[in-house]
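If you want the building blocks of each chain, they are given just below.
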Amino acid sequence: RHGAAKNEDTFKTSPFHFDLWFYFTLQNWVLDFGRPIAMIILPLEWFPLNKPSAGDYFHMAYNVITPFLLLKLIERSPKTLPRSMVYVSIIMFVMGASIHLVGDSVNHRLIFSGYQHHLSVRENPIIKNLKPETLIDSFELLYYYDEYLGHSMWYIPFFLILFIYFTGCFTPVEEESRMPVAALLLMGPSSLYYWYLVTEGQIFILYIFTFFAMMALVMHQKRKGLVLDSNGLFLFYSFIITLLLIALWVVWLWNDKILRKKYPGVIYIPEPWAFYTLHMNNLHAAKESL
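Residues numbered from 1 in each chain as written. Predicted model: local features only at pLDDT ≥ 70, side-chain atom pairs only at ≥ 80, totals over all residues. Heavy atoms only, no water.

(A) Region of the structure containing the environment of Gly34. Tracing the backbone shows Gly34 in helix H2 (residues 18-41). A C-alpha to C-alpha distance of 16 Å links Gly34 and Phe47, two positions 13 residues apart in sequence. Residue contacts for Gly34: discarding those within four places in its chain leaves Trp29 and Phe58. (Helix = DSSP H or I, 4+ residues; strand = E, 2+ residues; numbered from the N terminus. Contact = heavy atoms within 4.5 Å.)

Shown next, in the form of structure tokens:
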């Protein structure tokens, strides 16, 4: 009976999940990318610095809606997927995103006090003069929870769930390996968001390993006569476009000496918000002085 179920899973097909991919794209742009923007543009009087900002409430909504959408995506897979791994990944995702919520909230609020994201914690003018100096260690700990621990516990489960879902996106029917117009329209915004996720989250290694795993799986399944369905194609092509966008971003900022100093490793991928505080803030200040 178990073997029969496996064969049945193999030949199931699934239509393009326009509703889920649309909700994913919309909430990613509004609740994730939009949260620091909302914090900056809304009047400070509405959200005092010692209270949660508008961006924090966006983040809270993201932490609830995204796991729900991921579970819905897994439920629609034509293949029976490992539920235990999915549930553990969802739990880790919520923990990591919640840790990031706290660290990111404080770090973004520091912008109003002159904190510059293109500098390291100890190089920031508002930080390096703190007394006693042990306070600097506390801010570095906050940065660690935000940028390292929070991001790892957030993004690793996220990409793992996407890959688990991707393993079920294969079909022997060539006609199913086509993307509808709706998928093509969503691909641009989806890829651009993944670019932001990878660059701002500094998770290129995780992203590229996930992409290579997808490529290997596609080639392996092709030998069995299986091809990607519309949902698999949408996810796979979105990752390809994301890689191109990352390459263009790196080439554009290749000779930026200040950003090079903050990102000195072999993999040089500056964060968009570091670019903003370095160049766009200065541009706004110059306009205001005129």
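(B) Local environment of the pattern of salt bridges. One pass over the structure, following the stated rule, counts 8 salt bridges. In this structure, Glu123 engages Lys261 in a salt bridge whose closest nitrogen and oxygen atoms are separated by 3.8 Å. Here the residue Glu123 occupies a position in the loop between helix H4 (83-109) and helix H5 (125-128), and Lys261 occupies one in helix H10 (residues 257-262), the gap between them amounting to 138 residues. Take Lys261: its relative accessible area is 61%, and that puts it in the exposed class. (Salt bridge = Lys/Arg side-chain N within 4 Å of Asp/Glu carboxyl O. Buried < 20%, exposed > 50% of the residue type's maximum accessible area, 1.4 Å probe, protein only.)

(C) Structural view of a nonpolar patch on the surface. A surface patch of nonpolar side chains, about 440 Å² in accessible area, is lined by Phe18, Phe22, Tyr23, Leu26 and Val30. Structurally, Tyr23 can be placed in helix H2. Look at Tyr23 and you get partly exposed, because its relative accessible area is 43%. (Patch = residues over 30% accessible without salt bridge, like charges linked within 9 Å, V, L, I, M, F, W, Y side chains within 5 Å. Areas by Shrake-Rupley, 256 points an atom, 1.4 Å probe, with all protein chains shown as cover.)

(D) Seen up close, the nonpolar core. Among the nonpolar cores identified, the biggest contains 63 residues, and Trp21, Leu235 and Phe239 are the most heavily contacted of them. Looking at this core, the elements that each hand over two or more residues are H2, helix H3 (54-75), H4, helix H6 (134-166), helix H7 (181-201), helix H8 (204-223), helix H9 (230-252) and helix H11 (272-289). Ignoring anything within four residues of it in the chain, the contact list for Trp21 reads Phe16, Leu73, Tyr165, Leu186, Asn231, Phe234 and Leu235. Formed by 6 residues, the second largest nonpolar core is a distinct cluster that contains Leu110, Val121, Ile136 and Tyr143. (Core = buried A, V, L, I, M, F, W, Y, C linked by side-chain atoms within 4.5 Å.)

(E) A look at unusual backbone geometry. Phi is positive for Gln202, close to 55 degrees, though the residue is something other than glycine. Here Gln202 lies in the loop between H7 and H8.

(F) Region of the structure containing the packing of aromatic side chains. This model, assessed by the stated rule, comprises 35 aromatic pairs. Taken together, a centroid distance of 4.8 Å and an interplanar angle of 85 degrees make the contact between Phe33 and Tyr196 edge-to-face. With a gap of 163 residues between them, Phe33 in helix H2 and Tyr196 in helix H7 connect regions that are remote in the sequence. Looking at Tyr196, the relative accessible area reads 4%, which means it is buried. Across the ring face of Trp254, the terminal group of Arg260 is positioned such that the distance to the ring centre comes to 4.1 Å. Sitting over the face of the ring of Tyr268, Arg260 holds its NZ or CZ atom 4.1 Å from the ring centroid. (Phe/Tyr/Trp six-rings, centres within 6.5 Å; stacked < 30°, edge-to-face > 60°. Lys NZ or Arg CZ within 6 Å of the ring centre and 35° of its normal.)

(G) Geometry of the side chain of Thr25. Position of Thr25 among the secondary structure elements: in helix H2. If we ignore the near neighbours within four places in the chain, the residues touching Thr25 are Leu186, Pro189 and Ser190.

(H) Seen up close, the UniProt feature "transmembrane region" (unreviewed entry) in the chain. Feature annotation in UniProt assigns "transmembrane region" (unreviewed entry) to the following positions: residues 20-42, 57-74, 86-103, 154-173, 203-220 and 232-254. Secondary structure within residues 203-220 divides into 94% helix and 0% strand; the distance between the first and last C-alpha atoms comes to 26 Å. (UniProt positions renumbered as here; feature names shortened; annotations may be inferred.)

(I) Structural context of H7. With 21 residues, H7 extends 30 Å from end C-alpha to end C-alpha; this agrees with the ideal 30 Å at 1.5 Å per step. Within H7, the axis deviates most sharply at Met187, by approximately 35 degrees, and proline Pro189 lies no more than four positions further along. Gln202 lies just past H7 and shows a positive phi near 55 degrees. (Expected span 1.5 Å × (residues − 1). Bend = angle between axes of the 7 residues up to and from the residue.)

(J) Representation of the packing of H2 against H4 in the model. Between H2 and H4, whose axes approach to 11 Å, the crossing angle comes to 35 degrees. Read as a crossing pair, H2 and H4 show a hand that is right-handed. Residues Arg35, Pro36 and Met39 of H2 form the contact with H4, whose participating residues are His100, Asp104, His108 and Arg109. (Axes fitted to C-alpha atoms, helices over the stretch in contact; angles between N-to-C directions. Left-handed = near helix turned anticlockwise from the far one by under 90°.)

(K) Broad picture of the environment of Ser191. One can find Ser191 in helix H7. Counting along the chain gives 54 residues from Ser191 to Leu245, while the straight-line C-alpha distance between them is 8.3 Å. In this structure, Ser191 is in contact with Tyr237, Ser238, Ile241, Thr242 and Leu245, ignoring residues within four places of it in sequence.

(L) The arrangement of the packing of H6 against H9 in detail. Between H6 and H9, whose axes approach to 10 Å, the crossing angle comes to 135 degrees. Of the possible angle classes, the one that applies to H6 and H9 is oblique. For H6 against H9, the interelement crossing comes out left-handed. Taking contact as the criterion, the partners of Phe159, Leu162, Tyr165 and Phe166 in H6 are, on H9, Asn231, Gly232, Leu235, Phe236 and Phe239. Residues of the contact of H6 with H9, tallied by class, amount to 7 nonpolar, 2 polar and no charged. (Parallel < 35°, antiparallel > 145°, perpendicular 65-115°, else oblique. Nonpolar A, V, L, I, M, F, W, Y, C, P; charged D, E, K, R; others polar.)

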